[in-house]
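Tertiary structure, described
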Amino acid sequence: MWEFLDAIENSGFSSYIRETPSVLGYSTVLALHTFGMAFLVGLSGVIALRVLGAVPQLPLAPLKALQPIIVAGFWLNAITGLILTSLAIHSLLTNWDFYVKLAAIAAAIVALQKMRHYAFGETTAPDDAPASPRARFWAGAMLLFWGIAVLGGRLTAYATNIRIETGRAVIVAVILLLVAARYVVRRVNRTSAANVDNVEARV
Amino acid sequence: MESFLRIWLEWPSVAAFIMKHTWAWPLGETFHFFGIILLVGGVGLFDLRLLGVAKGLPVKAVTRLLPWGVTGFVICVVTGLMFVTGTRANVPMSPYDVIRTNIWLQLKLAFIGLAGLNLGVFYVTGMNRAVDHLGPGEDAPVLAKVIAFASLFFWLGVIYFGRLIPERL
């Protein structure tokens, strides 16, 4: 098995991508991997924000149209991810952090599908209606798993003790930011609602 | 000017902090990526809507996502400044020399500037007002589409050149 994997790592294609001095090699594959992540996580994250009520003014149903770009982002990530794995297959497959990243991606995709099912399945609900508790649960789970996947991706190159320390630091930083974001979102939504009330009162 | 920038860009306290706390650099990298995701989710979706994707969304509602995109940009700027001012924690070069010699970093900064200029054009030409009341199914003016395409191009360019920076370190 390892001989086969080593053969892939040492193939002409992998060697070229890894060793070419051209910017069209490793760095470009890495950049495409980032593009895929940005569209996959960014746009599915927008749907999650709407489902969680952070952007209630955004109608839910039209967000369904983002699916082709989200799927394209996923495949771009999958293909470039396979190429990047083939460059260092031995070290990645013996790296526990890599498996955490893959498990988080799989869990995020399942959560995305579940969120879509519950959020877009309620066809009779008006566009500005709050999403169901199940849709909200899966939206939150998806954001959590994407966060773990991104963190896992960043930490594959680091030693275990640095990964653990960074994991702790990220958890603390995210909690602090979420508390701040919750406060800001509530204030903004309250101000928007007050403005709407004022306009209606004038009418 | 050169000596001013050499001193101003180099923050030994940041480099020392990064060297002392091994989690600081990967934490910055992780949040840089969270910032990119927020930027593409917020600003990217606005550009895509103007280009005709998800036309069922009223533009006014999509503008509600822009603060999330701006937050992402601010996170990227803060973490990016951490990378620049703390350069010496990773490479034996002054930040000034990195900026002066790294073509990819120069291009990244230039594309951030162009994205800002493009945003300025969006407001100066009145396109912000022209698209603000576009309802579901309505098309954006051609100039707004050109600006939206340029915005996506510049931001993806920023990400691309950012990924190339280590090639020259």
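Time to look at the overall build of chain A. Scanning chain A from terminus to terminus reveals eight helices and zero strands. Starting at the N terminus and ending at the C terminus, chain A contains elements arranged as α-α-α-α-α-α-α-α. For a compact globule of 203 residues, the expected C-alpha radius of gyration is about 17 Å, and chain A comes in at 21 Å, more than 25% above that figure. Classification of the 203 residues of chain A by burial places 32% in the buried group. Excluding contacts between residues fewer than 6 apart, the proportion of contacts in chain A whose partners are at least 24 apart in sequence is 78%.

Bringing the domain arrangement of chain A into the picture now. Interface size is commonly expressed as the accessible area that is lost once the parts come together. All names here are of chain A. By the assigned domains, chain A splits into domain 1 (2-157) and domain 2 (161-203). On a C-alpha basis, the centres of domain 1 and domain 2 stand 24 Å from each other. Residue-level contacts link six residues of domain 1 with seven residues of domain 2. No other element matches helix α7 (residues 133-155), which puts three residues into the side of domain 1 that touches domain 2. When grouped by side-chain class, the residues that make up the side of domain 1 that touches domain 2 number four nonpolar, one polar and one charged.

Before going further, it helps to examine the interface of chain A and chain B. Taken residue by residue, the interface counts 34 residues in chain A and 28 residues in chain B. Among the secondary structure elements, those contributing two or more residues to the side of chain A that touches chain B are α3 (26-51), α7 and α8 (160-202) of chain A. If one sorts the elements of the side of chain A that touches chain B by residue count, α3(A) sits on top with 12 residues. Of the residues in the side of chain A that touches chain B, the class split is 26 nonpolar, six polar and two charged.

This part takes up the packing of helix α2 (residues 12-19) of chain A against helix α4 (residues 67-87) of chain A. Residues and elements named next belong to chain A. Running from N to C, α2 and α4 point in directions that differ by 90°, and their axes come no closer than 9 Å. When the axes of α2 and α4 are compared, the pair comes out roughly perpendicular. In this structure, α2 uses S14, I17 and R18 to contact α4, whose residues at the interface are I83, S86 and L87. Split by residue class, the contact of α2 with α4 holds three nonpolar, two polar and one charged.

This part is about the nonpolar core. One finds A:A38, A:A108, A:M115 and A:M142 to be the most contacted residues of the largest nonpolar core, which totals 81 residues. Apart from residues no more than four positions distant in its own chain, A:M115 is found in contact with A:I47, A:A48, A:V51, A:A135, A:W138, A:A139 and A:M142. By size, the runner-up hydrophobic cluster in this structure holds five residues, among which are B:V14, B:I18, B:W25 and B:F83.

Cut-off values and rules
- Residues numbered from 1 in each chain as written.
- Chains lettered and ligands numbered in written order.
- Predicted model: local features only at pLDDT ≥ 70, side-chain atom pairs only at ≥ 80, totals over all residues.
- Helix = DSSP H or I, 4+ residues; strand = E, 2+ residues; numbered from the N terminus.
- Rg over C-alpha atoms; globule rule 2.2 N^0.38 Å.
- Buried ≥ 20, exposed ≤ 12 C-beta atoms within 10 Å, placed from the backbone.
- Contact = placed C-beta atoms within 7 Å.
- Domains from an automatic or database assignment.
- Nonpolar A, V, L, I, M, F, W, Y, C, P; charged D, E, K, R; others polar.
- Axes fitted to C-alpha atoms, helices over the stretch in contact; angles between N-to-C directions.
- Parallel < 35°, antiparallel > 145°, perpendicular 65-115°, else oblique.
- Core = buried A, V, L, I, M, F, W, Y, C linked by C-beta atoms within 7 Å.

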